[in-house]
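The residues making up each chain are set out below.
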Amino acid sequence: MSAGANLSVTDMRRAARHPVDFPVIVEHFAHGDLELHVSNLSAHGFMVDDASGNLNRGDRVIIRLPIVGRIEAYLIWIHEERAGFQFERIIRIDDFVDIIDALQPNPRLRRKR
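A short tour of the structure in this document, coming up. None of the values given here were measured: they were computed from a predicted structure. (Residues numbered from 1 in each chain as written. Predicted model: local features only at pLDDT ≥ 70, side-chain atom pairs only at ≥ 80, totals over all residues. Heavy atoms only, no water.)

Let's shift gears to the nonpolar core. Core analysis: the largest hydrophobic core is formed by 28 residues, its most contacted members being L41, F46, I63, F85 and F87. Among the elements of the structure, strand 1 (18–28), strand 2 (32–41), strand 3 (45–48), strand 4 (60–65), strand 5 (69–79), strand 6 (82–87) and helix 1 (93–103) are those that each provide at least two residues to this core. Apart from the residues lying within four places of it in its own chain, the contact partners of I63 are V24, V26, V38, F46, G69, R70, I71 and F87. (Core = buried A, V, L, I, M, F, W, Y, C linked by side-chain atoms within 4.5 Å. Buried < 20%, exposed > 50% of the residue type's maximum accessible area, 1.4 Å probe, protein only. Helix = DSSP H or I, 4+ residues; strand = E, 2+ residues; numbered from the N terminus. Contact = heavy atoms within 4.5 Å.)

Structure follows, in structure tokens:
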């Protein structure tokens, strides 16, 4: 029997990603609090660029984001130091825009919408 996550949202890797510089402490269900660095974010998930050896495909974490607060995410892929997580639910577009504005206050660094 597979222990991986059964997600209702299909693979959305082509979703618009926004570069961010967001150090965060996530709650891992087995390893407790982990310090990670989110390097890009979409309404469907996020990528970290400093994944530790403690992470495996299918792991669940809870991340705290501005505007939406705590949201659960599942580790979908991991390669060397990078890892991609998919949110348990899609973030509403108006909330997502507000999150990007909060995480990337410099308008010159934001992607065009």
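Taken in spatial order, the six strands of this closed barrel run 1-2-3-6-5-4, and their pairing is antiparallel. Each strand axis lies, on average, 45° off the axis of its neighbour in the sheet, ignoring direction. As defined by bridge partners, strand 2 adjoins strand 3 across three bridges and the pair is classed as antiparallel. Pairing of N40 across the sheet is with M47, part of strand 3. Set on the sheet, helix 1 makes contact with strand 1 and strand 2; between it and strand 1 the angle comes to about 100°. (Pairing = 2+ DSSP bridges. Axes fitted to C-alpha atoms, helices over the stretch in contact; angles between N-to-C directions.)

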